[in-house]
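Structural description and commentary
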Amino acid sequence: MSSGTVASMTRALLLVVAAVVAVGAAAAGTGSAGSTPLTGKVWVLTGLLGKAPMRGTELTSEFTPSGSVSGTAGCNSYGGRYSSSGQKLRVSSLSSTQMACAPGIMAQEAAFLKALAVTRSYAVSGAALTIRTAVGVLAYKAQSQALAGTSWNVTAYNNGKQGVESVSAGSKLTAVFGKDGNLTGFAGCNNYDAPYKAAAPKLSIGPVASTRKECATPKGVMDQELRYLTALHTAATYRIEGTRLELRTALGALAAEFERR
């Protein structure tokens, strides 16, 4: 399928979503958000209108006490507002990024956002969330925030100059959070290790130690290694969302970003 065809389908799907979002915005109630059973968790979709999400896709929703909702829709990230009163739930002002993925993924994304825009009520039972909408049911489970025993590939890190850099081509950085409280991995040239303490969402790492090998390739690998290891030490909080892990500083800046191995 040509890129032009995919782009045309994407625009059409986004127009459908935009139209439904407008309806959802008009219907949104005036209730408040605040701390509810919805908040404080990352919810991962397990059922979309009676069907399981497509294999290889992650759809998530996170509701904050301030009334915002955000997540990933399978291809694009989205965000909006919500209000709740008792078990009633209304979502409004949804918008999303505009990446194009395979047609099936885009169709699933449009169906998900369409349903989310016309929510009516919700129920939380333990680690399960059920949202009833005007077009069907969205079923979720709470994302585990346990770091111990997880393995990750590094995708980006804070460069220490108020910027975030992607891992350079030709290099691979890893992180393994052991059940023994030790973080180990490969920093592009050297192996490293550090003690860590995690009690979601709080995290502390360090001191970080590494082997002392010098590498000439790929270009800049030693500078990248130093910046990444320094960024690890600045981590104060973390969040797991789907297959992604984010570490942030005490001021909320991104320290490092990872993809599950």
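Structure: above.
Worth saying up front: this structure is predicted, and the values here are computed from it rather than measured. (Residues numbered from 1 in each chain as written. Predicted model: local features only at pLDDT ≥ 70, side-chain atom pairs only at ≥ 80, totals over all residues. Heavy atoms only, no water.)

In terms of helices and strands, the protein chain carries three helices and 18 strands. Across the 261 residues that make up the protein chain, the buried fraction comes to 42%. The long-range fraction of contacts in the protein chain, counting pairs at least 24 apart against all pairs at least 6 apart in sequence, stands at 52%. Accessible surface computed for the protein chain: about 12,900 Å², of which carbon and sulfur atoms make up 56%. (Helix = DSSP H or I, 4+ residues; strand = E, 2+ residues; numbered from the N terminus. Buried < 20%, exposed > 50% of the residue type's maximum accessible area, 1.4 Å probe, protein only. Contact = heavy atoms within 4.5 Å. Areas by Shrake-Rupley, 256 points an atom, 1.4 Å probe, with all protein chains shown as cover.)

Glancing now at the packing of aromatic side chains. By convention here, two paired aromatic rings are described through the distance between centres and the angle between planes. Overall, the coordinates contain four aromatic pairs when judged by the stated rule. Considering the side-chain rings of Phe63 and Tyr82, the 5.1 Å spacing of their centres and the 85° angle between planes classify their relative orientation as edge-to-face. Remark: Tyr82 occurs in strand β4 (residues 77–85) and Phe63 occurs in strand β2 (residues 60–63); sequence separation between them is 19 residues. Tyr82 gets classed as buried once you look at its relative accessible area, which sits at 6%. For the pair Tyr192 and Tyr228, a centre-to-centre distance of 5.8 Å together with 75° between the ring planes defines the contact as edge-to-face. In this pair, Tyr192 is assigned in strand β13 (residues 191–199) and Tyr228 in helix α3 (residues 221–233), connecting sequence segments 36 residues apart. (Phe/Tyr/Trp six-rings, centres within 6.5 Å; stacked < 30°, edge-to-face > 60°.)

In this section: the pattern of salt bridges. Using the criterion set out here, one finds six salt bridges in the structure. In this structure, the salt-bridge partner of Glu246 is Arg244, at a minimum N-O distance of 3.0 Å. For Glu246, a relative accessible area of 12% gives the class buried. A salt bridge links Arg248 to Glu246, with the nearest nitrogen and oxygen atoms 3.3 Å apart. A single salt-bridge network, built from bridges that share partners, covers Arg244, Glu246, Arg248 and Glu257. (Salt bridge = Lys/Arg side-chain N within 4 Å of Asp/Glu carboxyl O.)

Here we take up the nonpolar core. The nonpolar side chains of soluble globular proteins are, as a tendency, buried together. Grouped together as the largest cluster of nonpolar side chains are 26 residues, with contacts concentrated most on Ile205, Tyr228, Leu232, Leu245, Leu247 and Phe258. Looking at this core, the elements with two or more residues in it are β9 (150–158), β11 (174–177), β13, β14 (202–205), α3, β16 (237–241), β17 (244–248) and β18 (254–260). In this view, Ile205 contacts Leu183, Ala194, Pro195, Tyr196, Leu232, His233, Ala235 and Leu247; residues no more than four positions away in its chain are not counted. Counting residues in each nonpolar core, the second largest holds 23 residues, with Tyr78, Leu94, Ala115 and Ile131 among its members. (Core = buried A, V, L, I, M, F, W, Y, C linked by side-chain atoms within 4.5 Å.)

With that settled, the discussion passes to the pairing of strand β1 (residues 42–48). Judged by how many residues are buried, β1 sits mostly within the fold: six of seven residues are covered. Sheet topology note: the β1/β2 ladder contains three bridges and is antiparallel. Within β2, the residue paired with Val44 across the bridge is Thr60. Where β1 lies against strand β8 (residues 136–142), five bridges are found, and the strand directions are antiparallel. Bridge pairing links Leu45 to Tyr140 in β8. (Pairing = 2+ DSSP bridges.)

By themselves, these observations are geometric and do not establish any function.
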